[in-house]
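The residues making up each chain are set out below.
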Amino acid sequence: LIFFSMSFVGQLNAQQKPKFEFWISSLDKAGYDRVTYHVTEDSIIVKDGPYDFIYFSKNYKKDKVVFRAKLDSLEKTNLYVIASTISNDSLKSQYTNLCIIDGMILHFHFEWSNNEKSTTLSNYYLYKMNPFVDFVNRTIPQEYKIWYDKEELEKQMKHCPKNRILD
């Protein structure tokens, strides 16, 4: 009876979790390249494609899948934990360091069953996005890791006049 009750509660909790998925697009305008990371409730897919002036695309026919993996139970739990950190948070559409012409551009897109949010970071460190980059980087091979160096980005921002930082 105890085992049955615990199984039932576990299934109930699993059913109550809202659907969540997110994308990160890492753009290299000069290199004409965009790498898109798509994380769902059970998997991660990495696609490589041309920049084509597109920051974010769910299903761009020029993208090629370069990595795919299923999430294990711990990764699934961690996904719901980080989803909760951003679900009630407001995000501006962009955060930009105008002192750097080229460099890091990351576009984030989050979707729940009843909500979605997006933001773009251009040479800007936003602590709220770090758990998502860390999640992806822990899950994928080294060759596809996302560069998101807090120390370097904050240093670049520190040396930029406040009126050249859009946040």
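Further up the page is the structure itself.
Residues numbered from 1 in each chain as written. Predicted model: local features only at pLDDT ≥ 70, side-chain atom pairs only at ≥ 80, totals over all residues. Heavy atoms only, no water.

1. A short note on the overall build of the protein chain
Item 1. Helix and strand content of the protein chain: four helices and eight strands.
Item 2. Listed by position from the N terminus, the elements making up the protein chain come as α-β-β-β-β-α-β-β-β-α-α-β.
Item 3. By residue count, 43% of the 167 residues in the protein chain fall in the buried class.
Item 4. Of the roughly 10000 Å² of accessible surface on the protein chain, a fraction of 54% belongs to carbon and sulfur atoms. (Helix = DSSP H or I, 4+ residues; strand = E, 2+ residues; numbered from the N terminus. Buried < 20%, exposed > 50% of the residue type's maximum accessible area, 1.4 Å probe, protein only. Areas by Shrake-Rupley, 256 points an atom, 1.4 Å probe, with all protein chains shown as cover.)

2. Some remarks on the pairing of strand β6 (residues 105–112)
Item 1. For β6, the tally of buried residues reaches eight of eight residues, placing the bulk of the element in the interior.
Item 2. Where burial is concerned, the two faces of β6 agree: the one with Ile105, His107, His109 and Glu111 and the one with Leu106, Phe108, Phe110 and Trp112 are both buried.
Item 3. Bridge analysis of strand β1 (residues 20–28) against β6 gives eight bridges, and the strand direction is antiparallel. Each bridged residue has a counterpart across the sheet, and for Ile24 the counterpart in β6 is Phe108.
Item 4. Of the strand pairs in this sheet, β6 and strand β7 (residues 116–122) are connected by seven bridges, and their pairing is antiparallel. Across the sheet, the residue bridging to Phe108 is Thr119, located in β7.
Item 5. In sequence, β6 turns back onto β7 through a hairpin of three residues. (Pairing = 2+ DSSP bridges.)

3. Comments concerning the state of the cysteines
Item 1. One pass over the structure, following the stated rule, counts one disulfide.
Item 2. Each sulfur of the disulfide joining Cys99 and Cys160 lies 2.0 Å from the other. In this structure the cystine formed by Cys99 and Cys160 twists about its S-S bond by roughly 80°; its chirality is therefore right-handed. Separated by 61 residues along the polypeptide, Cys99 in the loop between β5 (94–97) and β6 and Cys160 in the loop between α4 (150–158) and β8 (165–166) bring together distant segments of the chain. (Disulfide = S-S within 2.5 Å.)

4. So, helix α2 (residues 73–86)
Spacing of three or four residues puts side chains on the same side of an α-helix, whose turn is 3.6 residues.
Item 1. Under the 1.5 Å per step criterion, the end-to-end length of α2 is 21 Å for 14 residues, consistent within 8% with the ideal 20 Å.
Item 2. Those residues of α2 lying buried are Glu75, Leu79, Tyr80, Ile82, Ala83 and Ile86.
Item 3. Contacts made by the buried residues of α2 are with β1, β2 (33–39), β4 (64–70), β6, β7 and α3 (130–139).
Item 4. Backbone nitrogen of Leu74 and a side-chain oxygen of the N-cap are separated by 3.1 Å at the start of α2; the cap is Asp72. (Expected span 1.5 Å × (residues − 1). Contact = heavy atoms within 4.5 Å. Polar contact = N/O pair within 3.5 Å; in protein donor to acceptor, adjacent residues only side chain to side chain.)

5. Quick notes on the packing of aromatic side chains
Item 1. Taken as a whole, this structure holds 14 aromatic pairs when the rule is applied.
Item 2. By way of ring pairs, the aromatic residues Phe20, Phe22, Phe108, Phe110, Trp112, Phe132 and Phe135 are connected into one cluster. (Phe/Tyr/Trp six-rings, centres within 6.5 Å; stacked < 30°, edge-to-face > 60°.)

6. Overview of the nonpolar core
Item 1. One finds Phe22, Ile24, Phe110 and Tyr148 to be the most contacted residues of the largest nonpolar core, which totals 38 residues.
Item 2. At the level of secondary structure, the elements contributing two or more residues to this core comprise β1, β2, β3 (43–49), α2, β6, α3 and α4.
Item 3. With residues near it in sequence (within four places) discarded, Phe110 still touches Phe20, Glu21, Phe22, Ile86, Leu91, Asn115, Glu116, Lys117, Met129 and Phe132. (Core = buried A, V, L, I, M, F, W, Y, C linked by side-chain atoms within 4.5 Å.)

7. Some points on the pattern of salt bridges
Item 1. Across all of its chains, the model carries five salt bridges by this definition.
Item 2. Salt-bridge contacts for Asp63 lead to Arg34; the nearest nitrogen and oxygen are separated by 3.1 Å. A residue pair is termed long-range when its members are at least 10 positions apart, and Asp63 in the loop between β3 and β4 and Arg34 in strand β2 qualify at 29 residues. There is no split in this pair, since Asp63 and Arg34 are both buried.
Item 3. Among the ionic pairs, Asp52 bridges to Lys62, the shortest N-O distance being 3.3 Å. (Salt bridge = Lys/Arg side-chain N within 4 Å of Asp/Glu carboxyl O.)

8. Remarks on the packing of α2 against α3
Item 1. Remark: α2 packs on α3, axes separated minimally by 10 Å, with the N-to-C direction vectors making an angle of 165°. By the criterion of interaxial angle, the relationship of α2 to α3 is roughly antiparallel. Considering the relative orientation of α2 and α3, their crossing is left-handed. Contact with α2, carried on its side by Glu75, Asn78, Leu79, Ile82, Ala83, Thr85 and Ile86, involves Pro131, Phe132, Phe135, Arg138 and Thr139 of α3 and no other residues of that element.
Item 2. Broken down by class, the residue content of the contact of α2 with α3 amounts to seven nonpolar, three polar and two charged. (Axes fitted to C-alpha atoms, helices over the stretch in contact; angles between N-to-C directions. Parallel < 35°, antiparallel > 145°, perpendicular 65-115°, else oblique. Left-handed = near helix turned anticlockwise from the far one by under 90°. Nonpolar A, V, L, I, M, F, W, Y, C, P; charged D, E, K, R; others polar.)

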